[in-house]
Amino acid sequence: MNQEVKEPTPEEVDKLYKRLDKEAEAAGYHLNPDIEFTKELVRSLLINERRYGYWACPCRLADGVKQEDLDIICPCDYRDADLAEHDACYCALYVSGSVLRGEKAPESIPERRPAREDRSQFKEKQEGKVPTGTSKPVWRCRVCGYLCAREEPPGVCPICKAKKERFERFM
Amino acid sequence: MEMKHVEGENKGKVILYALSTCVWCKKTKRLLNQLGVDYYFIDVDLLGREEKDKVIEEVKKYNPVATFPTMVIDDDKVIRGYKPEEIRKELEK
Ligand code: SF4
C-alpha cells in the first residue's frame, strides 16, 4: 500500500489556515501563534484528508478506518482537556490564551487517548426513552461539550464545527 | 522493514520511530540533524497495514502506548515525545 499523496500547495495550506483561525477565534479557541509550526500541521491535515478522507490527527497514528479514528478527527475529543491541563492540544495546533500571549510555550505532552476499548465511539450508546421532565433527548458534542435538546443532533456543531457523528446521547 | 539512514557522528545506535505528518517528529529529526548524529528513522504512517502492525508491536516494547516520536538509543534508553533537553543530554555526551 502506498501512502504517498499529492502535496498540498502553499495556497491550499494558507486557505485552510485562515479558515481554521477564523473558526477558532469565533468559538473562543486559538491556533498556535507560531505560524510556521501551525502551517505545517495544517498541511498535514490536508495530507491526511487525501490519505484517509478525513482530518486524522497529524501527531497520532491513524488506523485508516473512520470508525476507529472517530475520536482523533481534528479537533479531537481530547483537545479541551489538554488545553485545560497543558495549555495546548496534543499536536499544539490549538493553544490556550496564555500561550497566545507568550506567557507559556507549548511542548510535547503525554497521550490522553485511552486504550481502544475505552474510546467513546465503542462505548454502548445510551439509547432509550427520553428522561421524565424533558420533552426531547439531549445530545452532547464530544469535542466541545455543547449540549442541545432536539430529536437529532445538529449536522455540524454550532460551536466547534464538529460533524454530527461526533455527538453522543447525553440524556 | 526498511529504516532510513541519516549519516553523521556515531553516538550509539539511534532509532527514531516517527510519523511523516507529526510536527513533534519533524522537530526531533531537525534536532538530530542539527546535532549531526548518525541515526535511523521510520515514518510509520507511510507503511502498509501489515508492516505497520509489525512496527507498532516493536514500538510497544519500548513505549507501551506506542506514541510518536519514540526514540531508542542503544536498544536501551527510550525518549518519548519531543524532549530537546533530554535528547541533547543523551547525544551531546
Ligand atoms: S485538536 Fe490537536 S491533538 Fe486534536 S486532532 Fe487536532 S491537531 Fe491533533
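This is a predicted model, so every value here is computed, not measured.

(A) Representation of the interface of chain A and chain B in the model. The partner chain B presents 22 residues to the 26 residues of chain A that form the contact. For the pair chain A and chain B, the summed buried surface comes to about 1900 Å²; carbon and sulfur atoms form 54% of the total. Together, A:Glu40, A:Leu61 and A:Ser108 form the three largest contributors to the area buried by chain A at its contact with chain B, with a combined 32%. On inspection of chain A and its partner chain B, the count reaches four salt bridges. B:Arg30 is the partner of A:Glu40 in a salt bridge, and the nearest nitrogen-oxygen pair spans 3.0 Å.

(B) Region of the structure containing the packing of aromatic side chains. On inspection of all chains with the given rule, the structure shows six aromatic pairs over all chains. Among the aromatic residues, ring-to-ring pairing joins A:Phe37, B:Trp24 and B:Tyr82 into one connected group. One Lys or Arg, A:Lys39, reaches over the ring of A:Tyr17 and ends 5.2 Å from the middle of that ring. The positively charged end of A:Arg169 is found above the aromatic ring belonging to A:Trp139, 5.9 Å away from the centroid.

(C) Local environment of the domain arrangement of chain A. Residue and element names in this part refer to chain A. Taken domain by domain, chain A consists of domain 1 (10–100) and domain 2 (126–170). Look at where the C-alpha atoms of domain 1 and domain 2 centre, and you get two points 23 Å apart. Counting residues at the interface gives twelve residues for domain 1, matched by eight residues for domain 2. Each partner contributes to the roughly 840 Å² buried at the junction of domain 1 and domain 2, and carbon and sulfur atoms together form 45% of this total. The largest contributions to the domain 1 side of the interface with domain 2 come from Leu70, Pro75 and Asp77, which together make up 47% of the buried area. Our count for the domain 1 to domain 2 interface comes out at three salt bridges. Across the salt bridge formed by Lys66 and Glu165, the nearest N and O atoms sit 3.1 Å from each other.

(D) Up close: the packing of helix 1 (residues 23–35) of chain B against helix 3 (residues 84–91) of chain B. Residues and elements named next belong to chain B. Where helix 1 meets helix 3, the axes come as close as 11 Å, and the angle between the chain directions of the two elements is 30°. In terms of orientation, helix 1 lies roughly parallel with respect to helix 3. The interaxial crossing formed by helix 1 with helix 3 has right-handed handedness. On helix 3, the residues touching Thr28, Leu31, Leu32, Gln34 and Leu35 of helix 1 are Pro84, Ile87, Arg88 and Leu91. Among the residues forming the contact of helix 1 with helix 3, the class breakdown is six nonpolar, two polar and one charged.

What counts, and where the lines are drawn
Residues numbered from 1 in each chain as written. Chains lettered and ligands numbered in written order. Predicted model: local features only at pLDDT ≥ 70, side-chain atom pairs only at ≥ 80, totals over all residues. Heavy atoms only, no water. Contact = heavy atoms within 4.5 Å. Buried area = accessible area lost by both parts, 1.4 Å probe. Salt bridge = Lys/Arg side-chain N within 4 Å of Asp/Glu carboxyl O. Phe/Tyr/Trp six-rings, centres within 6.5 Å; stacked < 30°, edge-to-face > 60°. Lys NZ or Arg CZ within 6 Å of the ring centre and 35° of its normal. Domains from an automatic or database assignment. Axes fitted to C-alpha atoms, helices over the stretch in contact; angles between N-to-C directions. Helix = DSSP H or I, 4+ residues; strand = E, 2+ residues; numbered from the N terminus. Parallel < 35°, antiparallel > 145°, perpendicular 65-115°, else oblique. Left-handed = near helix turned anticlockwise from the far one by under 90°. Nonpolar A, V, L, I, M, F, W, Y, C, P; charged D, E, K, R; others polar.

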